[in-house]
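A look at the structure
Here is how the chains run, residue by residue.
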Amino acid sequence: MSKQSAAAQADVRPYPRRCAVCGENSVARCRIQYDAEVRHDGKLHTFSIANLGIDKCERCGEQYFTSSTDEEINLGLRSHLGLLTPGEIRAGLALCDVNQKVFADHLGIAAETVSRWLTGTSIQTRSLDKLMRLYFTMPTVRAALSNSEPVPAA
Ligand SMILES: [Zn+2]
C-alpha cells in the first residue's frame, strides 16, 4: 500500500516533526484512546483501542497515522474479532512443521497471502481463520488437505 510506504518513510524522521496542517514543528508521538472503524470481511467493525500510538500535532491537534499506528489497529481488529495473530499463525506453522509455501498450497491460497498475514499487512477472513485452526490442531485435516490435489505425473 502506498499509504503505508509513505508512513514508513515518515517514521525515520526525528520528532518533533513539521505539521502539514499548521506548519509548526509540533508533531510528537503520543498515545490516545481511539475508536476504530475498520471494514473487514464485508462488514464494518467498530472497537476501541485504549492506548493507540499515533503522531499528533500539539498545536492544532491534527493526527497522523504511521505504519506502526496501522499495525496496532490491525492487531486491535484481530483481537476484537478473535482471529489468530501473526505470532499464533507462525507458531502453528512451526508446530505442524510446514513452511509458508506448503501451507498455502494445502489451504488453496497464494503464498503471498500467507506472507501478508504474517507481516500483519492483511487479516484473514473468518472462514480461513477457522480452517487454519482446524489445520493446526487436527492431523486428519492436514492429511486430507495435503492429498487434495492430484499428484503430478512424474
Ligand atoms: Zn498542526
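The paragraphs below set out a description of the structure included in this document. (Residues numbered from 1 in each chain as written. Predicted model: local features only at pLDDT ≥ 70, side-chain atom pairs only at ≥ 80, totals over all residues. Heavy atoms only, no water.)

So, on to the packing of aromatic side chains. What describes a pair of aromatic rings is the distance from one ring centre to the other and the angle between the planes of the rings. Enumeration over the complete set of coordinates arrives at 4 aromatic pairs. Measuring from ring centre to ring centre gives 5.4 Å for F103 and F136, while their planes differ by 15 degrees; the resulting arrangement is stacked. Of the two residues, F103 sits in helix 4 (residues 100-107) while F136 sits in helix 6 (residues 126-137), which places them 33 residues apart along the sequence. Note on Y135 and F136: the rings are 6.1 Å apart at their centroids and 80 degrees apart in plane angle, and the pair reads as edge-to-face. An aromatic cluster of three or more residues is present, and its members are F103, Y135 and F136. Across from the ring centre of Y15, 4.1 Å away, lies the NZ or CZ of R17, which sits over that ring. (Phe/Tyr/Trp six-rings, centres within 6.5 Å; stacked < 30°, edge-to-face > 60°. Helix = DSSP H or I, 4+ residues; strand = E, 2+ residues; numbered from the N terminus. Lys NZ or Arg CZ within 6 Å of the ring centre and 35° of its normal.)

Along the polypeptide, H45 turns up in strand 2 (residues 43-57). Judged by its relative accessible area of 13%, H45 is buried. Once you skip the residues sitting within four places of it in the chain, H45 turns out to touch A36, E37, V38, H40, L77, H80 and L81. (Buried < 20%, exposed > 50% of the residue type's maximum accessible area, 1.4 Å probe, protein only. Contact = heavy atoms within 4.5 Å.)

Let us now look at the coordination of the zinc ion. Protein-derived coordination of the zinc ion comes from C19 (SG), C22 (SG), C57 (SG) and C60 (SG), at a distance range of 2.3 Å. Here the zinc ion binds 4 donor atoms, and the angle range of 105 to 119 degrees at the metal identifies the geometry as tetrahedral. Summarised as a motif, the one-chain spacing of the donors to the zinc ion is C-x2-C-x34-C-x2-C. Since its relative accessible area comes to 37%, C60 is described here as partly exposed. (Donors = N, O, S within 2.8 Å, 3.2 Å for Na, K, Ca; no water. Tetrahedral: all angles 85-135°; square planar, octahedral: opposite > 155°, others 65-115°.)

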